[in-house]
Amino acid sequence: MMSYTGQPLRAEICQQFDGVGMTSPRTRQRLIENLKKQGFLQSGSVADAMNMIPRHLFVDPAFEHRSYEDCALPIGHEQTISHPSTVAMMSQWLLAEKPINKVLEIGTGSGYQTAILSALCQEVYTVERIPELSQKAHAKLHQLQAGNIHFYTADGHWGLPDLAPFDAIISAASPEELPAELVSQLKDGGRMVMPIGSQPQHLYGFIRHGDTLQQTLLGDVSFVPMRKGVAQ
Ligand code: SAH
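- The name an unreviewed UniProt entry assigns to the chain is Protein-L-isoaspartate O-methyltransferase, from the organism Thiomicrorhabdus marina.
- The Subcellular location (unreviewed entry) field of the UniProt record for the chain holds the comment "Cytoplasm".
- Under Sequence similarities (unreviewed entry), UniProt gives the following word-for-word description of the chain: "Belongs to the methyltransferase superfamily. L-isoaspartyl/D-aspartyl protein methyltransferase family."

**Some thoughts on the sheet that holds strand β3 (residues 100-106)**
Hydrogen bonds between backbone groups are what pair the strands of a sheet, and the pairing can be parallel or antiparallel.
Move 1: On the basis of which strands lie adjacent, the open sheet formed by seven strands has the order β5-β4-β3-β6-β8-β9-β10 and mixed pairing. On the outer flanks of this sheet lie β5 (149-153) and β10 (212-221), each paired with one strand and no other. Adjacent strand axes in the sheet meet at a mean angle of 15° when their direction is disregarded.
Move 2: Bridge analysis of strand β6 (residues 166-171) against strand β8 (residues 186-196) gives four bridges, and the strand direction is parallel.

**A closer look at the site of the ligand**
Move 1: Taken together, 25 residues sit near the ligand, with S110, E128, D155, G156 and R227 positioned nearest.
Move 2: Separating an oxygen atom of the ligand from a side-chain N or O atom of E128 is a distance of 2.6 Å.
Move 3: For the ligand, a nitrogen atom lies 2.9 Å from a polar atom in the side chain of D155.
Move 4: For the ligand, the protein covers 98% of the area, taking 570 Å² as the surface of the free molecule.
Move 5: Of all elements in the fold, only β2 (79-81), β4 (121-128) and β11 (224-225) reach the threshold of two or more residues within the shell around the ligand.
Move 6: If you tally residues by element for the shell around the ligand, the top one is β2, at three residues.

Parameters and conventions
Residues numbered from 1 in each chain as written. Predicted model: local features only at pLDDT ≥ 70, side-chain atom pairs only at ≥ 80, totals over all residues. Heavy atoms only, no water. UniProt positions renumbered as here; feature names shortened; annotations may be inferred. Pairing = 2+ DSSP bridges. Helix = DSSP H or I, 4+ residues; strand = E, 2+ residues; numbered from the N terminus. Axes fitted to C-alpha atoms, helices over the stretch in contact; angles between N-to-C directions. Near = heavy atom within 4 Å. Polar contact = N/O pair within 3.5 Å; in protein donor to acceptor, adjacent residues only side chain to side chain. Areas by Shrake-Rupley, 256 points an atom, 1.4 Å probe, with all protein chains shown as cover.

Here you go:
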């Protein structure tokens, strides 16, 4: 598969994958407008990226016609692509203050959030514990010529110690407790966003200030649990 080129995801490539009807840019735009009206999304770089990226490429073909509804959809292996409203909220929180050079993502899943990070950050490191999902996401992002992403099959609880520190960390899987390893791999002043706990799960934003973490509750959400180990 494609080697690292440093090239972010670009509009002219995304446009080649635009569909018609339920997968058209018009339908996608309507979703973005609705997310703005509902207060999940403001105008800016995240809205532009969500308007650009063909989410229908990342869902199971049987559900393609529902790609531009604000819902989670199956992606195989009992996992789901996150709600667009959740992706909007998490991405905006991460990028609220300053540009991100190096970002760590836990739970590649379909690769949709990874695509957004590719468009908005300089370098993306994404970790998934199910090898087939990682490979599928890699293939899709290769098709889209996103060349600034490094893919890893690993247990995200441990982060990527050899590649730390990161400017930002985002997780789409919910650990029981905040993994200390991830905190230690976040740069001073860096931002992290992830769900924690199980039933209910709470979505938190964190900012590291030296040895302390500033914590903000962003809302109640429903994510898959962060599981231990790599899937066989
Ligand atoms: N952002 C993705 C979310 C997929 S769901 C998307 O929108 O498609 C969350 C993903 O986290 C699943 O693919 C699941 O396999 C993965 N996951 C769960 N525990 C993990 C762990 N310990 N390390 C890495 N990935 C994990």
